[in-house]
Amino acid sequence: MADPHEMLAWLPRLRRYARVLRRSREDADDLVQDTLERAWSRAGLWQGVADMRSWLFSIMHNLHVDGLRRGRLDMVDLDDEPPELPVAAPQTERLVMRDLDAALQALPPEQREVLLLVALEGMAYAEVAQALDVPIGTVMSRLSRGRERLRAHLDGEVGQAQSLKLIRGSKS
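All values derive from a computational prediction rather than experimental measurement.

With respect to the overall build of the protein chain
Point 1. Across its full length, the protein chain holds nine helices and zero strands.
Point 2. The N-to-C order of helical and strand elements in the protein chain reads α-α-α-α-α-α-α-α-α.
Point 3. Residues classed as buried in the protein chain amount to 36% of the 172 residues present.
Point 4. Considering only contacts in the protein chain between residues 6 or more positions apart, those separated by 24 or more positions represent 66%.
Point 5. In the form shown here, the protein chain has an accessible surface area of approximately 10,600 Å², with 52% of it arising from carbon and sulfur atoms.

Some words on helix 4 (residues 52–70)
Residue pairs spaced three or four apart in an α-helix point in one direction, given the helix's 3.6 residues per turn.
Point 1. Relative to the 27 Å expected for 19 residues at 1.5 Å per residue, helix 4 spans 27 Å between its end C-alpha atoms, a close match to the ideal helical length.
Point 2. Immediately downstream of helix 4, the backbone of Gly71 shows phi near 70°, a positive value.

Quick notes on the pattern of salt bridges
Point 1. For the coordinates displayed, the defined rule picks out six salt bridges.
Point 2. Here Arg16 ties to Glu121 by a salt bridge, and the two come within 3.2 Å at their closest N and O atoms. Of this pair, Arg16 sits in helix 2 (residues 11–22) while Glu121 sits in the loop between helix 6 (109–120) and helix 7 (125–132), placing them 105 residues apart in sequence.
Point 3. For Glu121, a relative accessible area of 1% gives the class buried.
Point 4. Here Glu127 makes a salt bridge to Arg53, at a shortest N to O gap of 2.6 Å. Remark: Arg53 occurs in helix 4 and Glu127 occurs in helix 7; sequence separation between them is 74 residues.
Point 5. Put simply, Arg13, Arg16 and Glu121 are held in one network by salt bridges that share partners.

About the thresholds
Residues numbered from 1 in each chain as written. Predicted model: local features only at pLDDT ≥ 70, side-chain atom pairs only at ≥ 80, totals over all residues. Heavy atoms only, no water. Helix = DSSP H or I, 4+ residues; strand = E, 2+ residues; numbered from the N terminus. Buried < 20%, exposed > 50% of the residue type's maximum accessible area, 1.4 Å probe, protein only. Contact = heavy atoms within 4.5 Å. Areas by Shrake-Rupley, 256 points an atom, 1.4 Å probe, with all protein chains shown as cover. Expected span 1.5 Å × (residues − 1). Salt bridge = Lys/Arg side-chain N within 4 Å of Asp/Glu carboxyl O.

Dropping the structure here:
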């Protein structure tokens, strides 16, 4: 059986990712607890797990998607509850963080998940594909589109991109 400490070593990253997915500290803590509980209840499978991190993120992703499908998640706006920051940031940095969060939340969930796992968690494309149970090409496509949408949103080009879609759609 694998060492339980290996599973617990990923706890800070699981919490961080859960916080982004669920947007409230309490819901994120519940998701992490459910993830660890599910992993612990399947401890017999640990020997077959090549990458504990991918396995845990896969469990978390599936639990999160199940919650969305059931419609039981209440998303909280960060204006109601500020993000946890390790150090108090100056006002300018807080505005940048707020804008970044708004841009991330404007992404479709599939693109946001891939972007966060690659950029924030440093997971390889293959690990993300395994965790989300999608082909690696889908990961690359979602990442590319997510980065482009994020860049456009942060550059203030969101309205322009939407109007371009309307023009293209009317020509079809």
